[in-house]
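Results of the structural survey
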Amino acid sequence: MGAPALELLYNNKEENMRDVVNEVYKKMKVGAVAWVRPVAAKGDTLETFQTSYEHAKALADEGLITIGDVKRQADNMIEAIRIHRIA
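Residues numbered from 1 in each chain as written. Predicted model: local features only at pLDDT ≥ 70, side-chain atom pairs only at ≥ 80, totals over all residues. Heavy atoms only, no water.

**Observations regarding the packing of aromatic side chains**
One pass over the full model with this rule turns up zero aromatic pairs. Sitting over the face of the ring of Trp-35, Lys-71 holds its NZ or CZ atom 5.2 Å from the ring centroid. Over the ring of Tyr-25 we find Arg-85; its NZ or CZ atom is 4.1 Å from the centre of that ring. (Phe/Tyr/Trp six-rings, centres within 6.5 Å; stacked < 30°, edge-to-face > 60°. Lys NZ or Arg CZ within 6 Å of the ring centre and 35° of its normal.)

Right, dumping it as C-alpha cells:
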C-alpha cells in the first residue's frame, strides 16, 4: 500500500533510505500503539532517522496513524516517535 505522500518524499531522497515508520506501520494491527526508533543493526543512525518524522507526518496526513509523542535529545534530534495505527 504505497501512500502518495510518501512517494513524493522518496523522489527527493536517496533510494536506499529505509522508511522505519512505514515498516512498523505495516506490522501493526489497527488500534495498536508503537514506539519507532532507529535500529543500528539495520544501518539506522540518529541522523538518518530524522526524516522518519516527515514520513510519520505523511502517514498522519493520510489518516492512517496519529503521532502521540516525539522524544528528542538535548540537541533536539529525534530519537523516538510514538504512533497509533487508526486505519
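**What about the sheet that holds strand S2 (residues 65-72)?**
What the three strands build is an open sheet, ordered S1-S3-S2; its pairing is antiparallel. One side of each edge strand has no neighbouring strand; the edge strands of this open sheet are strand S1 (33-36) and S2. For this sheet, the mean angle separating the axes of adjacent strands, direction not counted, is 20°. The pairing of S1 with strand S3 (residues 78-85) spans four bridges and is antiparallel. Of the residues in S3, the one forming a bridge with Ala-34 is Ile-83. (Pairing = 2+ DSSP bridges. Helix = DSSP H or I, 4+ residues; strand = E, 2+ residues; numbered from the N terminus. Axes fitted to C-alpha atoms, helices over the stretch in contact; angles between N-to-C directions.)

**Focus on the packing of helix H2 (residues 20-27) against helix H4 (residues 52-61)**
Direction vectors running N to C along H2 and H4 enclose 45°, while the axes themselves pass 8 Å from each other. On the basis of the axis angle, H2 is oblique to H4. Facing H2, whose interface residues are Val-20, Val-21, Asn-22 and Tyr-25, H4 presents Ser-52, His-55, Ala-56 and Leu-59. In terms of residue class, the contact of H2 with H4 is built from five nonpolar, three polar and no charged. (Parallel < 35°, antiparallel > 145°, perpendicular 65-115°, else oblique. Contact = heavy atoms within 4.5 Å. Nonpolar A, V, L, I, M, F, W, Y, C, P; charged D, E, K, R; others polar.)

The quantities given are spatial measurements derived from coordinates; they are silent on function.
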